[in-house]
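For reference, the chains in residue letters:
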Amino acid sequence: MAVKLSKRVNCVGDSATIRLNDVANRLRLDGKDVINLGVGEPDFDTPLFIREAAKRAIGDGDTHYAPSLGKQRLREDIADKLREDNRIDASPKNIIVSAGAKHIIFMAINALLDGEEEAMLFCPAWVSYEACIKLAGGRVNWVKTKEEDAFQPSDLQDKINKKTKLLVVNSPNNPTGSVYKKDTLKMIRDLAIDRDLYVISDEIYEKIIYEADHISLASFDGMAERTITVNGFSKSYAMTGWRLGYACAPKEIIGGMLKIQQHSVTCAASFSQEAAIKAMEGPQDNLKRMVEEFKRRRDILIEGLNSIGIRCVRPAGAFYTFVDVSKFGGDSNAFCEKMLREGYVVMIPGYAFGPGWEKYVRISYAAPLEKIEEALLRMEKIFALGKQK
Ligand code: PMP
Ligand code: GLU
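This structure is a prediction, so every number in the text was calculated from the model and none was measured.

### Structural notes on the site of ligand 2
In the vicinity of ligand 2, the residues found are Thr-17, Ile-18, Val-39, Gly-40, Lys-102, Trp-126, Val-127, Asn-174, Tyr-205, Lys-235, Tyr-320 and Arg-362. A distance of 3.1 Å separates an oxygen atom of ligand 2 from a polar side-chain atom of Trp-126. Within the side chain of Lys-235, one N or O atom sits 3.0 Å away from a nitrogen atom of ligand 2. Burial of ligand 2 by the protein amounts to 89% of the accessible area it has alone, namely 280 Å². For the shell around ligand 2, the class distribution of residues is six nonpolar, three polar and three charged.

Okay, here's the thing in structure tokens:
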């Protein structure tokens, strides 16, 4: 029988980040010396005290459904954190915890968008926003940023139309590593209020920041009532596999998301939430060390790229750099294919981050330093690049 999938599923592609991560894992299992600069996943272990907390919870039989909104103590910890770190006037009733920030974003978009309504995406944009919008039946209004502006959005007024309901903001940004300046955020705030828009502010990289300050959009006057602040444990605590993310939003939006949660994943894993409580309440020095190490790698990667003639802006946050590889001929798909086939180095081609980025490649430096250095050597060899003085 010919399988007929829904139109909604047929209108989205797969996730390039997840697909290429699977390719990397398969090649590794085949014994290949793979360097994965593709997926954005901290290569550090989850701190031991966090893992121990989960083991204890499992030992104590904490293996049943948790409350669908998330455990009360975790939601209290999150509300405290948002008040202290982010100056967001949050209380537990504004918080929902779910299986990863990705599912949080999926639920928020589904709770807000109707068919034909639009969400604005500043592109390049992380791979899953577009798919979440389309799976909700909505449309994407792409707004391109420029490398010469350090990928900060501008001139948005004219691009809003009657159907625009939502802005998706992501700072520090995936894939560019750009951190939005206060003026950029103020401009977004003014626009959202003036045109009565909702904002998803994905702040999952807020702690992975080097030369800038993180500002939460919901901390600006008038923004808490229209902003869904998204965050999670994957990046700050190296907890990707635990699948834990959260949102802070007006309670009506949380209520809408809760219905989707009840009918989809039910709740985030109970013992993962115990680990998250320890992560938030325990020492934070692992995070500091991780960020220092990311910064060291970033500098070496950027210098290495520059020395072989690949120019790029120095990203102020996250653990990605987004670089123009057009001088190597062909588009970034061909570039990534060659790096993978001849060098076993995985990178993500720019087309995955929205229209108009075919010449760019995202390189993740969430990989050990010696792997980054080795990847640069392989790149130099494959493309016969000379060191530039
Ligand atoms: N937002 C951004 C910008 C990301 O890079 C990621 C990483 N996958 C996520 C959300 C989702 O993270 P997770 O589902 O692992 O919490
Ligand atoms: N955020 C990471 C990335 O962009 C993880 C993979 C994903 O969820 O897309 O590579």
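### What to know about the site of ligand 1
Close to ligand 1 lie 14 residues; Ala-101, Asp-202, Tyr-205, Ser-234 and Arg-243 are nearest. In the environment of ligand 1, an oxygen atom lies 3.0 Å from a nitrogen or oxygen atom belonging to the backbone of Lys-102. Within the side chain of Ser-234, one N or O atom sits 2.6 Å away from an oxygen atom of ligand 1. Isolated, ligand 1 exposes 390 Å² of accessible area, and the fraction of that covered by the protein chains is 93%. A per-element tally of the shell around ligand 1 places helix H5 (residues 101-112) first, with three residues. Counted by class, the shell around ligand 1 contains six nonpolar, four polar and four charged residues.

### Some points on unusual backbone geometry
Of the consecutive residues Cys-123 and Pro-124, the connecting peptide bond is found in the cis state with omega at 15°. Looking at where Pro-124 falls in the secondary structure, it is placed in the loop between strand E3 (118-123) and helix H6 (127-135). A cis amide bond links Asn-174 with the next residue in sequence, Pro-175, at an omega value of 25°. Tracing the backbone shows Pro-175 in the loop between strand E5 (164-170) and helix H7 (182-194). For Ala-150, which is not a glycine, the phi torsion comes out positive at approximately 55°. Assignment of secondary structure puts Ala-150 in the loop between strand E4 (139-144) and E5. Unusually for a residue other than glycine, Ala-238 sits at a positive phi of about 50°. Here Ala-238 lies in the loop between strand E7 (227-232) and strand E8 (245-248).

### Regarding the nonpolar core
Grouped together as the largest cluster of nonpolar side chains are 85 residues, with contacts concentrated most on Leu-37, Ile-109, Ile-228, Leu-305, Phe-335, Met-347 and Met-379. Counting 24 residues, the second-largest nonpolar core is a separate cluster that includes Ile-50, Met-239, Ala-276 and Ile-277.

### Some words on the pairing of E4
One ladder, built from six bridges, connects E3 with E4; its direction is parallel. Within the sheet, the bridge partner assigned to Phe-122 lies in E4 and is Val-143. With H6 bridging E3 and its parallel neighbour E4, the resulting β-α-β unit is right-handed.

### Re the packing of aromatic side chains
For any two aromatic rings, the description comes down to two numbers: the centre-to-centre distance and the angle of the planes. The final tally for this structure, using the stated rule, is 17 aromatic pairs. For the pair Trp-357 and Tyr-360, a centre-to-centre distance of 5.1 Å together with 75° between the ring planes defines the contact as edge-to-face. Of the two residues examined, Trp-357 and Tyr-360, each falls in the buried class. Cluster of aromatic residues (ring-pair linked, three or more members): Phe-44, Tyr-205, Phe-294, Phe-319 and Tyr-320. Lys-144 extends its terminal NZ or CZ atom over the ring of Trp-357, reaching a point 4.7 Å from the ring centre. Positioned over the ring face of Phe-383 is Lys-338, at 5.9 Å from the centre of the ring.

### Side note on the pairing of strand E12 (residues 360-364)
Burial runs high along E12: five of the five residues are buried. With five bridges connecting them, strand E9 (residues 320-324) and E12 associate as antiparallel partners. Looking across to E12, one finds that Tyr-320 is bridged to Ser-364. Taken together, the two bridges between strand E11 (residues 348-349) and E12 define a ladder with antiparallel strand orientation. If you follow Ile-348 over to E12, its bridge partner there is Arg-362.

### Quick word on the sheet that holds E11
Strands sit in the order E9-E12-E11 across an open sheet of three strands; the sheet is antiparallel. Bordering the open sheet on either side are E9 and E11, each of which pairs with just one other strand. Contacts from helix H10 (residues 285-307) reach E9 and E12 within the one sheet, and its direction differs from that of E9 by about 10°.

### Digging into the sheet that holds strand E2 (residues 95-98)
One open sheet holds the seven strands; their spatial order is E2-E8-E7-E6-E5-E3-E4, and the pairing between them is mixed. Strands at the two margins of the open sheet, each flanked by one partner only, are E2 and E4. Shown here is a sheet whose adjacent strand axes are inclined to one another by a mean of 20°, direction ignored. Against the sheet, helix H4 (residues 72-86) contacts E2, E7 and E8, and its axis sits at roughly 120° relative to E2.

What counts, and at which threshold
Residues numbered from 1 in each chain as written. Chains lettered and ligands numbered in written order. Predicted model: local features only at pLDDT ≥ 70, side-chain atom pairs only at ≥ 80, totals over all residues. Heavy atoms only, no water. Near = heavy atom within 4 Å. Polar contact = N/O pair within 3.5 Å; in protein donor to acceptor, adjacent residues only side chain to side chain. Areas by Shrake-Rupley, 256 points an atom, 1.4 Å probe, with all protein chains shown as cover. Nonpolar A, V, L, I, M, F, W, Y, C, P; charged D, E, K, R; others polar. Helix = DSSP H or I, 4+ residues; strand = E, 2+ residues; numbered from the N terminus. Core = buried A, V, L, I, M, F, W, Y, C linked by side-chain atoms within 4.5 Å. Buried < 20%, exposed > 50% of the residue type's maximum accessible area, 1.4 Å probe, protein only. Pairing = 2+ DSSP bridges. Right-handed = clockwise from strand over helix to strand, strands pointing away. Phe/Tyr/Trp six-rings, centres within 6.5 Å; stacked < 30°, edge-to-face > 60°. Lys NZ or Arg CZ within 6 Å of the ring centre and 35° of its normal. Contact = heavy atoms within 4.5 Å. Axes fitted to C-alpha atoms, helices over the stretch in contact; angles between N-to-C directions.

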